[in-house]
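Residue-level structural notes
One-letter residues, chain by chain:
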Amino acid sequence: MTALRNDTDRVSLLVMEGDGIGPEICRATLGVLEAVGAAHGIGFDILTEEIGFAALAATGTTFPDRVLEVARTVDGILLGPVSHNEYPPVTEGGKNPSGELRKRLDLFANIRPALSLPGLPPRCGKPLDLVIVRENTEGFYADRTMFAGTGEVMPTPDLAMAFRKVTRQGSLRIARTAFALAAARRSKVTAVHKANVLRISDGLFLDCVREVAAEYPGVAYEEKLIDAMTALLIRDPAVYDVIVTTNMFGDILSDEASELSGSLGLAASLNSGADHAVAQAQHGSAPDIAGKDIANPASLIGSLAMLLKWLGGRRDDSRLVAAGAAIDAGLAKAVAKPEGRTADLGGPLGTRAFAERVAEFAASATI
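A short tour of the structure in this document, coming up. What you see as residue numbers is a count from 1 along each chain, following the sequence as written. Side-chain atom pairs in this predicted model are given and counted only at pLDDT of 80 or more, local residue features only at pLDDT of at least 70, and totals for whole chains, interfaces and linings cover all residues. Neither water nor hydrogens contribute to the side-chain values; these are computed over all heavy atoms in the structure.

What follows deals with the environment of Ala220. Structurally, Ala220 can be placed in strand E9 (residues 220-225). The rule is simple: take the accessible area with a 1.4 Å probe, protein chains only, and divide by the maximum for that residue type; under 20% is buried, over 50% is exposed, in between is partly exposed. In this structure Ala220 comes out as partly exposed when scored by relative accessible area, which is 42%. Considering only alpha carbons, one finds Ala220 and Val189, 31 residues apart in sequence, at a separation of 6.2 Å. Apart from the residues within four sequence positions on either side, Ala220 is in contact with Ser187, Lys188 and Val189. Only DSSP runs of H or I with at least four residues qualify as helices, and only runs of E with at least two residues qualify as strands; both kinds are numbered from the N terminus onward. Any two residues whose heavy atoms approach within 4.5 Å are treated as being in contact.

Right under this line is the structure:
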């Protein structure tokens, strides 16, 4: 672990580079952080910890206990993508760092905006500006539904079963997150569900969302079935503002919305709870392009912007909010013209060059 000097006016961030392209996009993102920190008079203390395959080789586990201990002490976390599908079983040390952080830090809200940018036409032909608010600790995800064991079992060689977890507490708090966000945006919430089939679990979820909706009379509220919603997002995404849903549905819809807005490579994401937040790109670790300086770091850079704005709100620090907004402005300006984009967006720039361009624009942005 490495650390810089700390004092009460500084912001401490834990960086975990992860696997595949994780190290290079984390380093590129930190370059942007350094630029906006200098521009807005913010001091950052950067701590680093190994996770993933590097940690597995060194310690026998992909998520050492000390990483969680450090994560609890810092102001925010920057998490690179991980190759958890390639990890050994949990019994052999193969823990999913992302899932562990979400459970152990109670990061119940996964906030995923989808915003089309000037100069980069949305793939559906219509502009998008919406946010998916995804419940992050329950649902069908087998690694976070049980106190002990997992949410999947195989009673016989020919029978596999998965359990879905939906609680009143989890549903109420994700609904409150969605409505508070909508009240600060365009005042509309869409709850996405499959209660016509999952009558009990999604029925409980909808009961909770409706209860919160009654607390926000100034926010318009509607409900859509998940299968219909996947088509409606393509037909006219502009009519949606904040979409709240359970874990798996939110995971699927947010990838769809991000790709429609321009590219999954631009998709920012924040995992947040009452006391902690983790900035994490929506995409995976892409080991096939690791080390080639061609990965697009925009998703992680945008996630860092979300983290800074979250921290600014918690600390009542307008500098952090402005720094996050400056990164957003720098990203938008960087991709506005083809010559400023990475290869996945049809441009000529590599990872480092793109991040340097964003850092320059962000540092000079007027917010």
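Further notes follow.
Each Phe, Tyr or Trp ring, with Trp reduced to its six-membered ring, pairs with another whose centre is within 6.5 Å; inter-plane angles below 30 degrees give stacked pairs, above 60 give edge-to-face pairs, and intermediate values give tilted ones. Summed over the entire model, instances satisfying the criterion amount to three aromatic pairs. Both rings, one in Phe53 and one in Tyr87, keep their centres 5.1 Å apart while their planes meet at 90 degrees; by these two values the pair is edge-to-face. Taken together, the residues span a long stretch of sequence, with Phe53 in helix H2 (residues 52-59) and Tyr87 in the loop between strand E3 (76-79) and helix H4 (97-104) at a distance of 34 residues. Accessibility expressed as a relative area gives 36% for Phe53, which makes it partly exposed. On the basis of relative accessible area, Tyr87 is assigned to the buried category, the value being 9%. With centroids separated by 5.9 Å and ring planes inclined at 40 degrees, the aromatic side chains of Phe179 and Tyr221 adopt a geometry described as tilted. Here Tyr221 lies in strand E9 and Phe179 lies in helix H5 (residues 168-183), a separation of 42 residues in the sequence. On the basis of relative accessible area, Phe179 is assigned to the buried category, the value being 0%. Here the aromatic cluster, defined as three or more aromatic residues joined through ring pairs, consists of Phe179, Tyr216 and Tyr221. Counted as over-ring charges are cases with an Arg CZ or a Lys NZ within 6 Å of the ring centre that also lie within 35 degrees of the ring normal. The ring of Tyr141 is capped by Arg134, whose NZ or CZ atom sits 5.3 Å from the centre of that ring.

In this section: the pattern of salt bridges. Salt bridges are counted wherever a side-chain nitrogen of Lys or Arg sits within 4 Å of a carboxyl oxygen of Asp or Glu. All chains considered together, the criterion is met by 24 salt bridges. The partner of Arg123 in a salt bridge is Glu259, and the shortest N-O contact between them spans 2.9 Å. Of the two residues, Arg123 is situated in the loop between strand E4 (109-115) and strand E5 (129-135) and Glu259 in helix H8 (residues 247-261); the sequence distance between them amounts to 136 residues. Residue Glu259 is classed as partly exposed on the basis of its relative accessible area, which comes to 32%. Residue Asp227 pairs with Lys194 through a salt bridge whose shortest N-O separation is 2.9 Å. Residue Asp227 is found in helix H7 (residues 226-235), and its partner Lys194 is found in the loop between strand E8 (188-193) and helix H6 (201-213); the two are separated by 33 residues along the sequence. By relative accessible area, Asp227 is classed as partly exposed at 43%. Given a relative accessible area of 17%, Lys194 falls into the buried group.

We now examine the packing of H5 against H6. Angles shown run from 0 to 180 degrees and are taken between the N-to-C directions of axes, each axis being a line fitted to C-alpha atoms and, for helices, limited to the stretch in contact. Close contact between H5 and H6 brings their axes to 8 Å; oriented N to C, the two are set at 40 degrees. In terms of orientation, H5 and H6 fall into the oblique class. Crossing of H5 against H6: the hand is right-handed. Facing H5, whose interface residues are Arg168, Ser171, Leu172, Ile174, Ala175, Arg176 and Phe179, H6 presents Leu204, Phe205, Cys208, Val209, Glu211, Val212 and Ala213. Residues are grouped as follows: nonpolar covers Ala, Val, Leu, Ile, Met, Phe, Trp, Tyr, Cys and Pro; charged covers Asp, Glu, Lys and Arg; every other residue, Gly included, is treated as polar. Looking at the contact of H5 with H6 residue by residue, the class counts come to 10 nonpolar, one polar and three charged. What sets the label is the angle itself: under 35 degrees gives roughly parallel, over 145 gives roughly antiparallel, 65 to 115 gives roughly perpendicular, and the rest give oblique. Handedness of each helix crossing follows the sense of rotation of the near helix against the far helix: counterclockwise by less than a right angle gives left-handed, clockwise gives right-handed.

A contiguous nonpolar surface patch, about 390 Å² in accessible area, is contributed by Met146, Val153, Leu159, Met161 and Phe163. With respect to the element layout, Met161 can be found in strand E7 (residues 159-162). Note that patches include only residues with greater than 30% relative accessible area and no salt bridge, and the join distances are 9 Å for like charges and 5 Å for nonpolar side chains (Val, Leu, Ile, Met, Phe, Trp, Tyr). Note on areas: Shrake-Rupley with a 1.4 Å probe; residue coverage comes only from the protein chains shown.

Looking now at the pairing of strand E12 (residues 277-280). Of the two faces of E12, the one carrying Ala277 and Ala279 and the one carrying Val278 and Gln280 are both buried. A pair of strands is considered paired only if DSSP assigns at least 2 bridges between the two. Pairing geometry for E3 and E12, over three bridges, is parallel. Looking at the pairing, Leu79 lines up with Gln280 of E12. Where strand E11 (residues 270-272) lies against E12, three bridges are found, and the strand directions are antiparallel.

This next bit is on the packing of helix H10 (residues 318-335) against helix H11 (residues 351-363). Interhelical geometry of H10 versus H11 gives an angle of 125 degrees and a closest axis separation of 8 Å. In this view, H10 runs oblique relative to H11, as classed from their interaxial angle. In the crossing of H10 with H11, the sense of the turn from one axis to the other is right-handed. In this structure, H10 contributes Ala326, Ile327, Gly330, Leu331, Lys333, Ala334 and Val335 to the contact, and H11 contributes Phe354, Arg357, Val358, Phe361 and Ala362. In terms of residue class, the contact of H10 with H11 is made up of nine nonpolar, one polar and two charged.

Moving on, we come to the sheet that holds E11. Pairing within the open sheet is mixed, and its 10 strands lie in the order E2-E1-E3-E12-E11-E4-E5-E10-E8-E9. Pairing within the sheet leaves two strands with one partner each, and these edge strands are strand E2 (44-48) and E9. Recorded for the sheet is a direction-independent mean angle of 25 degrees between the axes of neighbouring strands. Note: strand E1 (residues 11-16) against E3, four bridges, orientation parallel. Residue pairing for E3: Leu13 is matched across the bridge by Gly76. Across the face of the sheet, H6 comes into contact with E8, E9 and strand E10 (242-245) while running at roughly 165 degrees to E9. In the packing of helix H9 (residues 298-315) onto the sheet, the strands contacted are E1, E2, E3, E4, E11 and E12, and the crossing angle to E12 comes to about 160 degrees.

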